[in-house]
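Coordinate analysis (summary)
The lines below spell out each chain.
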Amino acid sequence: MVATPIKTENRLTMQTSVIAEGTTAIRSLDWDRDRFDIEFGLQNGTTYNSYIIRGEKTALVDTSHEKFRELYFNTLTGLIDLKEIDYLVISHTEPDHSGLVRDVLEKAPHITVVGSKVAIKFLEELVNRPFTQEIVKNGDTLDLGNDHVLEFVNAPNLHWPDTIFSYDRATQTLFTCDAFGLHYCKDDLYDEDLQAISPDYRFYYDCLMAPNARSVLSAMKRMDKLGEVQLVANGHGPILQHNVAELMGRYRDWSKAQAKAEKVVAVFYVSDYGWSDRLSQAIARGITKTGVGVDMVDLKAADQQEVQELVSRAAGVVIGMPSLSGPNTKETTATLGTILAATHGKQFVGLFESYGDDDEPIDPLLNKLRDAGLTEGFPAIRIKDTPSEATYQLCEEAGTDLGQLLTRDRNIKQRKSLDTDLNKAMGRLSGGLYILTAQKGDVNGAMLASWVTQASFEPLGFTVAVAKDRAIESLMQVGDRFVLNILEEGNYQHLMKHFLKRFKPGEDRFAGINTQKAENGSPILGDALAYLECEVVSRMETSDHWIVYSKVDRGRVSHPDALTAVHHRKVGNYY
Ligand SMILES: Cc1cc2nc3c(=O)[nH]c(=O)nc-3n(C[C@H](O)[C@H](O)[C@H](O)COP(=O)(O)O)c2cc1C
């Protein structure tokens, strides 16, 4: 079972390996995937995994991203004659896995496409030519012969509405596509280095799965009825073999915690192979950072009764405006009607529009929702150009603003409930005053901090506690670089005042501030007493903060005789 790497110049490579009896993995390795989608924040590239299962009949599970067209087909045809493939199992229709389905069907029109009802419907639009199809439901099986019986598990919203998993009883392999995946591109075929993959596994879960936590738990309940799972043949990153129970267990624990959220926001989007789902994910990520739950619903594939039930109990509603034209206008219009009828005056609302002219216009709907008494959780987001990193940052921050409105009262109450003596005693813990600054691509962030402590000599390192719902938290993932600006006694008030302002989503936090660029690209504040250039090494989770441990690469003091500003508190229930 030796993996065979096939390298090309533009850092797109292929790797194939037999992973179980009759089962071959074909991994498309995308080493430099841009940080275009939010879940690629850790910049470790990604892989698109496809599989061949050979019984008496042969099935191909998923394909690859279209950028791998030539490489993928060269590799596939080196492994099998396309005439020998009987089935193409589509786990879901997102383009990074189904981008080459049309090509497969052009080259081998005899293949039967197997997928959920929703996936087949989406594919008909995508492929635009008739094909032989087999719609499968939860519990259905497909017998490939030689004991390779595939059993299908319905897994809607993980993370597309049309997702199914396939379980091969012969090899106890579960094919899960996006679920249990991670954006991590290394030659490692398997998950042997648990420590190395953990930050990416978590980040991927937070971005794609946390907003669908209840769907994760439902799918896992259905998975429990299958036999033992030896291998998780996912769609991105290393295949899970060494830590299957541990990594699946993490999904269960994180999703249980997420599903306990007292308040939920319903986020409606359209899986249109465009931006709507990406933008809604960024908003959802911003909301979940505040501890508020999210239920994501595709306007095209929504069940009206579920929409009605969800909207009535939701504390907030976010809607990505669907296109006015196109094959699903009837469905999306009906769902919008159901949403409107179910909203009530105590809710918060946020709208976004991603295609400009073609979209259902925001204003008439916003007016109707305002008339119904709803409050805007963030100003409507109108995107006319191709979304950039800054657009995703704006969406995430808008989501966080909405979540903070929903949690504000609870947080104040919690803080007030602290025992007075304990609160005063805790308040005697004190620290310095610092401003964290970060620049990553075309997005930046800054935050005033006082929970900062040196934590190691070699390498020089310190920790900072960053509240989970801080905007800058997204720029402080493992491997990210930033600057710690140390403020000067008697010369910090103006900086403190500036950085404690309430910034609008996406607003430039450095406007009017004197900065220089550090070697790591992040801003150094001109008025800081000293600065340190840092790189995040690891993160520890507490109930409401991330303890971010970073090593320091270089630093400088600008006023050697001056002292660090110290922050004395009276109470322990705020900074
Ligand atoms: C004196 C002081 C110290 C602070 N220290 C921290 C800290 O160590 N960690 C933290 O997450 N927030 C801290 N905060 C809160 C944030 O600085 C502030 O709420 C933040 O800039 C708002 O950013 P946001 O837009 O990301 O919510 C502190 C606030 C004050 C007033």
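Refer to the structure above for everything that follows.
Reference entry: report on the structure contained in this document. Counting restarts for each chain: residues are numbered from 1 in the order of the written sequence. With pLDDT at 70 or above as the cut-off, local features in this predicted model cover only qualifying residues; side-chain atom pairs require 80 or more to be listed or tallied, and sums for whole chains, interfaces and linings still use all residues. Processing note: side-chain calculations cover all non-hydrogen atoms of the structure and skip hydrogens and water entirely.

**Some thoughts on the overall build of the protein chain**
By definition, any uninterrupted DSSP run of H or I lasting at least four residues is a helix, any uninterrupted run of E lasting at least two residues is a strand, and each is numbered from the N terminus. Summing up its helical and strand segments, the protein chain has 14 helices and 30 strands in all. Only C-alpha atoms enter the radius of gyration; for comparison, a globular chain is expected to reach 2.2 Å times N to the power 0.38, where N is the number of residues. Here the protein chain has a C-alpha radius of gyration of 25 Å; the compact-globule value for 575 residues is 25 Å, and the two agree. Along the three orthogonal principal directions, the C-alpha set of the protein chain runs to about 80 × 60 × 45 Å. Using a 1.4 Å probe on the protein chains alone, a residue whose accessible area is under 20% of its type maximum counts as buried, one over 50% counts as exposed, and one in between counts as partly exposed. For the protein chain, the proportion of its 575 residues judged to be buried stands at 58%. In this description, contact between two residues means that some pair of their heavy atoms is separated by no more than 4.5 Å. For the protein chain, restricting intrachain contacts to residue pairs at least 6 apart in sequence, the fraction spanning at least 24 positions comes to 70%. Working note: accessible area of the protein chain is about 24,300 Å², and carbon and sulfur atoms make up 49% of it. For the purpose of counting charges, residues Lys and Arg are taken to be positive, whereas Asp and Glu are taken to be negative. His and the chain ends are not included. Where a charge sits is defined by one atom per residue type, namely NZ (Lys), CZ (Arg), CG (Asp) or CD (Glu). Of the charged side chains in the protein chain, 62 are positive and 81 negative; the average position of the first set lies 6 Å away from that of the second. Surface accessibility in these figures is a Shrake-Rupley result with a 1.4 Å probe; residues are shielded only by whichever protein chains are displayed.

**A short note on empty space enclosed by the protein**
Cavities and pockets were defined on a 1 Å grid built from protein atoms only: a cavity is a group of points that admits a 1.4 Å probe but offers it no way out, a pocket is an open group of points flanked by protein on both sides within 12 Å along at least five of seven lines, and a lining residue is one with an atom within 4 Å of any such point. Grid points are joined across faces, edges and corners, and a volume is the space filled by probe spheres set on the points. One pass over the structure, following the stated rule, counts 6 cavities of 30 Å³ or more. Approximately 70 Å³ is the volume attributed to the second largest cavity. Along its surface, the second largest cavity is lined by Ala210, Ala213, Arg214, Gln258, Ala259, Ala261, Val264, Gly293, Val294 and Asp295. Those elements that provide at least two residues to the lining of the second largest cavity are helix 6 (213-224), helix 7 (244-259) and strand 15 (293-298). Among the elements that make up the lining of the second largest cavity, the one with the highest residue count is strand 15 (3 residues).

**Overview of the sheet that holds strand 25 (residues 481-486)**
Note: strands within a sheet are paired through backbone hydrogen bonds, in either parallel or antiparallel orientation. By the convention used here, strands pair only if DSSP detects at least 2 bridges between them. Strand order across the open sheet formed by 7 strands is 22-21-25-28-29-24-23, with antiparallel pairing between neighbours. Edge positions in the open sheet fall to strand 22 (443-449) and strand 23 (452-456), since each of these has one partner strand only. For this sheet, the mean angle separating the axes of adjacent strands, direction not counted, is 35°. In terms of strand pairing, strand 28 (residues 530-541) meets strand 29 (residues 545-557) through 11 bridges, oriented antiparallel. Its bridge partner lying in strand 29, leucine 532 is registered against glycine 555. Axes here mean lines fitted to C-alpha atoms, for a helix over just the part in contact, with angles spanning 0 to 180 degrees between N-to-C directions.

**Let's talk about the layout of surface pockets**
Any empty space left between atoms is shown by rolling a water-sized probe over those atoms. By volume, the second largest pocket amounts to about 980 Å³. Lining the second largest pocket we find 39 residues, and of these Pro156, Asn157, Ala301, Asp303 and Glu306 sit closest to its centre. Residue polarity follows a fixed list, in which Ala, Val, Leu, Ile, Met, Phe, Trp, Tyr, Cys and Pro are nonpolar, Asp, Glu, Lys and Arg are charged, and the others, Gly among them, are polar. Grouping the amino acids of the lining of the second largest pocket by side-chain chemistry returns 15 nonpolar, 10 polar and 14 charged. Composition of the lining of the second largest pocket by domain shows at least three residues from each of domain 1 (12-257) and domain 2 (261-410). For the purposes of this description, domain bounds are those given by an automatic or database domain assignment.

**A word on the site of the ligand**
Residues in close proximity to the ligand total 18 residues, the closest being Leu448, Ala465, Ala467, Arg470 and Ala471. Counted as a polar contact is a pair of N or O atoms within 3.5 Å, where, for protein atoms, one must be capable of donating a hydrogen and the other of accepting one, and residues adjacent in sequence contribute only when both atoms are in side chains. A distance of 3.0 Å separates an oxygen atom of the ligand from a polar atom in the backbone of tryptophan 451. Interatomic distance of 3.4 Å between a side-chain N/O atom of tyrosine 575 and a nitrogen atom of the ligand. Each residue belonging to the shell around the ligand can be placed in one class, and the counts come to 13 nonpolar, 3 polar and 2 charged. For this purpose, a residue is taken to be near a molecule or strand whenever a single non-hydrogen atom of the residue falls within 4 Å of it.

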